[in-house]
Each structure stands twice: as structure tokens, then as C-alpha cells.
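Working through the structure, step by step
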Amino acid sequence: RKNTTIFLGFTSNMISCGNREVIRYLVEHKLVDAIVTTCGGVEEDIMKCLKPHYMGRFDLRGKELRLKGHNRIGDLIVPNENYVKFESWMTPLLDQ
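Residues numbered from 1 in each chain as written. Predicted model: local features only at pLDDT ≥ 70, side-chain atom pairs only at ≥ 80, totals over all residues. Heavy atoms only, no water.

Describing the pairing of strand β5 (residues 76-79)
Of the two faces of β5, the one carrying Leu76 and Val78 and the one carrying Ile77 and Pro79 are both buried. Direction of pairing for strand β3 (residues 54-55) relative to β5: antiparallel, over a ladder of two bridges. Within the sheet, the bridge partner assigned to methionine 55 lies in β5 and is leucine 76. One ladder, built from four bridges, connects strand β4 (residues 70-73) with β5; its direction is antiparallel. Paired with arginine 72 across the bridge in β5 is isoleucine 77. Following β4, the chain reverses through two residues before pairing antiparallel with β5; glycine 74 in that reversal takes a positive phi of roughly 65 degrees. (Buried < 20%, exposed > 50% of the residue type's maximum accessible area, 1.4 Å probe, protein only. Helix = DSSP H or I, 4+ residues; strand = E, 2+ residues; numbered from the N terminus. Pairing = 2+ DSSP bridges.)

Laid out in C-alpha cells, this is it:
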């Protein structure tokens, strides 16, 4: 690593889909020097502020969750009502 700068680049969905702990590990152990990412997950961050999301598991069946009114993003469980709350909050801002 002498005279080398290591950049870690990833799209925002890598955080939502369950890789956040891998990225956190790399940063905490100083295995990367800089992170370059997109802001495509901003809506998910806003949704987490409005309503809770829940930790699940990667092996949960999406179809079964959907029938119960939930969505799975990697190991993250998001109730349908969270999307409704986000749209109710965001739509007036977009209409301005």
C-alpha cells in the first residue's frame, strides 16, 4: 500500500441490499482511503426517518413477504406503508 490510495466505488443499493456491514468493516479497518458512491438511496434514508425498517434475512421468501404487505431489500424488510408515508411526504414537495 505504499504510495497507493484505494478508492471504493459502489452504487447506493449496495447499502440497502445488505452489504453495509462489509463496507463498514473495510472503512473501520482502514482498508480503503476514500468512498465514491451515488445518492440513489436517498429515498430509503428518508423513509427510515419517517417509519422504521426491520432487519431480516437474505433467505426470506419475497413472495411470502409481499403477501403480508412487506418488501425485502437484501436483508432489510420494508413494510408497504413506509412507501405510502414517503410518497405522502414527498409528493407535496415535488408539486411546488
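Digging into the packing of helix α2 (residues 42-50) against helix α4 (residues 80-95)
Put simply, α2 and α4 touch, their axes get as near as 9 Å, and they point 105 degrees apart. The angle between α2 and α4 places the two elements in the roughly perpendicular class. Side by side, α2 and α4 meet where Glu43, Ile46, Met47 and Leu50 of the first sit next to Asn82, Tyr83, Lys85, Phe86 and Trp89 of the second. Classifying every residue of the contact of α2 with α4 by side-chain character gives six nonpolar, one polar and two charged. (Axes fitted to C-alpha atoms, helices over the stretch in contact; angles between N-to-C directions. Parallel < 35°, antiparallel > 145°, perpendicular 65-115°, else oblique. Contact = heavy atoms within 4.5 Å. Nonpolar A, V, L, I, M, F, W, Y, C, P; charged D, E, K, R; others polar.)

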